[in-house]
Amino acid sequence: MPNIYKEIYELIKKGNKEEAKKRLEKLEITSHNEISIQMLQNYIKEQEYLSSLTEEQLDEYNKILETGHRLYKERKNQEALDVYRVGEFLYNTPIFKYYIGKMYYKMHDYNTALQYLNEYANTGSDKMPKAYLYLYKISQCLKLSDELDMLDQLDRLNGDFHPDFKLRTDEIKKIKNRH
């Protein structure tokens, strides 16, 4: 992120959202900076929402995030997912979509992960680079899944049509194990 974007990010982080908005308005939107500007605008919205919460609500919000993070570190992905879903229900902030998508990814439910991470990519802020990385990984996993499905079909066909088409089962297993 060039310095101007980092400066704006730091302004938002320090609570100076109005100055950050003024600086963002002066930027010309191009295909190269569109995502960075969107991310900063989303970060402002997120911070405005969080500053509208009562102290009690903010404590609960942070506790939900901390609990989800702890459960994730303990490799209790389903429990972490459940906690993040409660956070999404109570607060409906984009960050919960990111963590829900991440949990689905970790649990190999790539289609659901894709849905949540795409939503976050459109509305999220500081986790956006990681969300795009997960989206890329998911695309690779789905591509691999399609390839493995084709290998399974090939295995089932295994020589039914023409003897030259036959692959030995152990060769198919080797290909699958590489993936």
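Residues numbered from 1 in each chain as written. Predicted model: local features only at pLDDT ≥ 70, side-chain atom pairs only at ≥ 80, totals over all residues. Heavy atoms only, no water.

## Section: the overall build of the chain
Argument step 1. Of the regular secondary structure elements, the chain holds nine helices and zero strands.
Argument step 2. Taken from the N to the C terminus, the helices and strands of the chain come in the order α-α-α-α-α-α-α-α-α.
Argument step 3. Across the 179 residues of the chain, 35% fall into the buried class.
Argument step 4. At a minimum sequence separation of 6, the contacts of the chain that also span at least 24 residues come to 52%. (Helix = DSSP H or I, 4+ residues; strand = E, 2+ residues; numbered from the N terminus. Buried < 20%, exposed > 50% of the residue type's maximum accessible area, 1.4 Å probe, protein only. Contact = heavy atoms within 4.5 Å.)

## Remarks on the packing of aromatic side chains
Argument step 1. Overall, the coordinates contain ten aromatic pairs when judged by the stated rule.
Argument step 2. Residues Tyr104 and Tyr116 carry aromatic rings whose centres are separated by 5.8 Å and whose planes lie at 20 degrees to one another, so their mutual orientation is stacked. Highlighted residues: Tyr104 in helix α6 (residues 94-106) and Tyr116 in helix α7 (residues 110-123), separated in sequence by twelve residues.
Argument step 3. Its relative accessible area of 11% is what places Tyr116 among the buried residues.
Argument step 4. Clustering of aromatic rings is evident, with ring pairs tying together Tyr84, Tyr98, Tyr99, Tyr105, Tyr110, Tyr120 and Tyr134. (Phe/Tyr/Trp six-rings, centres within 6.5 Å; stacked < 30°, edge-to-face > 60°.)

## Things to note about a nonpolar patch on the surface
Argument step 1. There is a patch of nonpolar side chains on the surface, built from Val86, Phe89 and Leu90 and spanning about 330 Å² of accessible area.
Argument step 2. Inspection of the secondary structure puts Phe89 in helix α5 (residues 77-91).
Argument step 3. Judged by relative accessible area, Phe89 falls into the exposed class, the value being 71%. (Patch = residues over 30% accessible without salt bridge, like charges linked within 9 Å, V, L, I, M, F, W, Y side chains within 5 Å. Areas by Shrake-Rupley, 256 points an atom, 1.4 Å probe, with all protein chains shown as cover. Salt bridge = Lys/Arg side-chain N within 4 Å of Asp/Glu carboxyl O.)

## So, the environment of Lys63
Argument step 1. Locating Lys63 in the fold gives a position in helix α4 (residues 55-73).
Argument step 2. Residue Lys63 is classed as exposed on the basis of its relative accessible area of 57%.
Argument step 3. Sequence-wise, Lys63 and Gly87 are 24 residues apart; in three dimensions their C-alpha atoms are separated by 9.6 Å.

## So, the packing of α6 against α7
Argument step 1. The contact between α6 and α7 brings their axes to 8 Å, and the two run at 155 degrees. If you check the angle between α6 and α7, you find them roughly antiparallel. Along this stretch, α6 crosses α7, giving a crossing that reads as left-handed. In contact with Pro94, Ile95, Lys97, Tyr98, Ile100, Gly101, Lys102, Tyr104 and Tyr105 of α6, α7 contributes Tyr110, Thr112, Ala113, Tyr116, Leu117, Glu119, Tyr120 and Thr123.
Argument step 2. Here the residues of the contact of α6 with α7 sort into eleven nonpolar, three polar and three charged. (Axes fitted to C-alpha atoms, helices over the stretch in contact; angles between N-to-C directions. Parallel < 35°, antiparallel > 145°, perpendicular 65-115°, else oblique. Left-handed = near helix turned anticlockwise from the far one by under 90°. Nonpolar A, V, L, I, M, F, W, Y, C, P; charged D, E, K, R; others polar.)

## Focus on unusual backbone geometry
Argument step 1. A positive phi angle, close to 65 degrees, is found at Arg75, a residue other than glycine.
Argument step 2. By the secondary structure assignment, Arg75 is in the loop between α4 and α5.
Argument step 3. Its identity is not glycine, yet His108 carries a phi of approximately 65 degrees, on the positive side.
Argument step 4. Note that His108 resides in the loop between α6 and α7.

## Notes on the environment of Ile37
Argument step 1. If you trace the backbone, Ile37 turns up in helix α3 (residues 34-52).
Argument step 2. Between the alpha carbons of Ile37 and Ser125 there is a distance of 9.8 Å; along the sequence they are 88 residues apart.
Argument step 3. When near neighbours in sequence (up to four residues on either side) are disregarded, Ile37 contacts Tyr5, Leu24, Leu27, Glu28 and Ile29.

## Comments concerning the pattern of salt bridges
Argument step 1. All told, the structure shown has eight salt bridges when counted by the stated rule.
Argument step 2. For Arg23, the salt bridge goes to Glu7, with nearest N and O atoms at 3.3 Å. Within this pair, whereas Arg23 is found in helix α2 (residues 17-26), its partner Glu7 is found in helix α1 (residues 3-13), the two being separated by 16 residues in sequence.
Argument step 3. In this structure, Glu18 engages Lys21 in a salt bridge whose closest nitrogen and oxygen atoms are separated by 3.6 Å. With Glu18 and Lys21 both in helix α2 and three residues apart, the pair spans about one turn of that helix.
Argument step 4. For Glu18, a relative accessible area of 49% gives the class partly exposed.
Argument step 5. By relative accessible area, Lys21 is classed as partly exposed at 28%.

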